[in-house]
Amino acid sequence: MELNEVRKRYLDYMRDRGHSVLASAPLVPREDSTTLFTGSGMQPLVPYLLGKEHPKGTRLANAQKCFRANDIDEVGDNRHTTFFEMLGNWSLGSYFKKEQIEQCFLFLTDPNSGLGLNPERLYVSVFAGDKLLNIPRDEESAEVWRQLFTSAGVTAETAHIGSKENGDRRGIKNGERIFFYDADENWWSRSGSPDTMPVGEPGGPDTEVFYDFGDSAADPAYADMKPHPASDSGRFVEIGNSVFMQHIRTKNGFTQLPKKNVDFGGGLERLVAATEDTADIFRIDAFASCISALAERSGIAYDTRPRPFRIVADHLRAAMFIAADGVSPSNTDQGYVLRRLVRSAVYNVQYGLGIADLPLTVLVPSMVSMYADRYPEIAEERVVQTIGDEEERFITTLQKGTKVFDAIAKKGAITGEEMFTLQSTYGFPKELTISLAREKHVSVSSDGYVSAMHRHRESSRQASERKFKGGLADASDMSVKYHTATHLLHQALRDVLGNTVEQRGSNITPERLRFDFSYDRKLTDEEKKQVETVVNDKIQEGLEVRCMDMPLEEARRLGAIGTFEYGDTVRVYCIGEYSKEFCGGPHVGNTADLGSFRITKEESVAAGIRRIKAVLE
Ligand code: SER
């Protein structure tokens, strides 16, 4: 089946079962700034899973655009993508285990209203229970699965595996189909297993469905056996996950949510791959025209070297969706991810496939035609513009980097440290250094690369802690005043320019403040005036500045802005009722102390990022 067909069947099926079909939330969350991207269908629904009433009722479904940055380095095998759509359905206290498992099974196996997958090819996992959490083994789900398989004429015995690692060499015995696993495998929350969940986070045991792609899909290390479904063999791919979301993390353990919810998610691309019976997700129609264009231009057959094809197809699609959500390439946050995707796609076209003259933008229309009906934002001019501009910047970088490379290579050897500098300072990828060195018969050593990377990470971590966890570089009276003025400015910019404004950097000296924020164009004189007026009004109102430590959930409810660590308790500074921001301080006690605020400069620092300098007089 085609991608658009599978999505349509699912949403129709859920609509017929009384679900309201919701539009996809944006890929870049507007409300919940704890994550850079929406990574699962449930994320935009968290408040409702926690108990808030949803205006569309208690049965919901959708196809959600998702992006998982953690998977960038995994892309290249047959099943990982960074961007994907998640088909989801939710019961907010309406139905629970039995109905969910039944409708899931029927959707997967029914040829008329569902996907018509052969039930012989489906295997399932169920939660084995946890003594410490005091949550028992999920016998109920196992029994529902057993009955469903049996009535479809498929033997379905249960088996206990426990932890995935312990069971790695435990093969499937005759008739086994329902596998019990520990919390590592069969418990779902946004932050993983129960012990890693922050207070206030919802989660629960889950039951997953796997599709068996057969012997040929398995890693050769598993050739001598039929591995169990959650093993890393590659033979089985998870195509759906029903989470029974009825628990919430508290300080001392867990308690029940007000309702017993269901949160189902199934990766659309993987479901399509199952209908096509191909273990290679990149063989589905969504990637076909991109991959065939690359094969034609490179003269390389996809099968002989699939990795670069997969990286280009995945990264281009992801980059388009991220750009369509209004992100511009930069060196921080979402902008950095976008930059990495575009650059790695360009690199793989040029060096992975050896095509010198194929701009990514030529590949854009094939993706647009695949998705524009459902996601019209992808067809907007700025998508192609953003990708084309970044591609050009990268090509310039590569040219500059090549000069630096040549200068270093003259010595006849490249150290790991130099390889790292080429990458971090000149944007020159490590793989490129290695392959050019080989070409030019220059020796290259990785020694020192990793330690240089750690040093770099450590210093940027310290820098960002200094930036976000308060602690001004100097705590002179003037710097403290500028710090409070920065919070006022941040909120005033959002008031005047809208909530797409987010802090991208801040630097304070006793002489001035400097504030970087996301915004895609120059401010007009009128806008600058308005911002100044708002800040000065708030100064004159003599607002009290208060510091409060509170649970993250509560801070979110208050609508606190800014960047923070995902922890139990967070610190928020409130300026009257006007500004609420995550921050470590210090601040003045009352805005009346600040004097008069004036913007001295407004300029661009990077694509999509503006910088304001301002003084207090
Ligand atoms: N939230 C669950 C997952 O991402 C099911 O939707 O797997």
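Anything mentioned here points back to the structure above.
Residues numbered from 1 in each chain as written. Predicted model: local features only at pLDDT ≥ 70, side-chain atom pairs only at ≥ 80, totals over all residues. Heavy atoms only, no water.

Moving on: the packing of helix α1 (residues 3-16) against helix α3 (residues 97-109). Viewed as axis vectors pointing N to C, α1 and α3 meet at an angle of 145 degrees, and their least axial separation amounts to 11 Å. You can see that α1 and α3 cross each other, and the crossing is right-handed. Within the contact between the two elements, α1 uses V6, R9, Y10, Y13 and M14 and α3 uses Q103, L106 and F107. Split by residue class, the contact of α1 with α3 holds six nonpolar, one polar and one charged. (Axes fitted to C-alpha atoms, helices over the stretch in contact; angles between N-to-C directions. Helix = DSSP H or I, 4+ residues; strand = E, 2+ residues; numbered from the N terminus. Left-handed = near helix turned anticlockwise from the far one by under 90°. Contact = heavy atoms within 4.5 Å. Nonpolar A, V, L, I, M, F, W, Y, C, P; charged D, E, K, R; others polar.)

Turning to the pattern of salt bridges, a few remarks are in order. Under the definition given, this model contains 40 salt bridges. For R382, the salt bridge is made with E380, and the minimal N-O distance between the two is 2.7 Å. Judged by relative accessible area, R382 falls into the partly exposed class, the value being 36%. Among the residues examined, E380 registers a relative accessible area of 34% and is labelled partly exposed. Across the salt bridge formed by E417 and R455, the nearest N and O atoms sit 3.1 Å from each other. Highlighted residues: E417 in helix α12 (residues 416-426) and R455 in helix α14 (residues 449-468), separated in sequence by 38 residues. (Salt bridge = Lys/Arg side-chain N within 4 Å of Asp/Glu carboxyl O. Buried < 20%, exposed > 50% of the residue type's maximum accessible area, 1.4 Å probe, protein only.)

Bringing unusual backbone geometry into the picture now. Of note, the phi angle at N134 is positive, near 65 degrees, even though the residue is not glycine. Considering the arrangement of structural elements, one finds N134 in the loop between β4 (122-127) and α4 (139-151). Overall, N134 belongs to the exposed group, its relative accessible area being 68%. Residue D277 is not a glycine yet carries a positive backbone phi of 55 degrees. Within the secondary structure, D277 is located in the loop between α6 (268-275) and α7 (285-298). The exposure class assigned to D277 is partly exposed, which follows from its relative accessible area of 39%.

Now for the site of the ligand. Around the ligand, the surrounding shell consists of S40, M42, R68, M86, W188, N241, V243, D263, F264 and G265. In the environment of the ligand, an oxygen atom lies 3.1 Å from a nitrogen or oxygen atom belonging to the side chain of N241. D263 places a side-chain nitrogen or oxygen 2.7 Å from a nitrogen atom of the ligand. Taken by itself the ligand offers 230 Å² of open surface, and the protein chains cover 96% of this. Mapped onto the shell around the ligand, the elements with two or more residues apiece are β9 (236-249) and β10 (254-267). The element best represented in the shell around the ligand is β10, accounting for three residues. (Near = heavy atom within 4 Å. Polar contact = N/O pair within 3.5 Å; in protein donor to acceptor, adjacent residues only side chain to side chain. Areas by Shrake-Rupley, 256 points an atom, 1.4 Å probe, with all protein chains shown as cover.)

Just distances and angles here, no functional claims.
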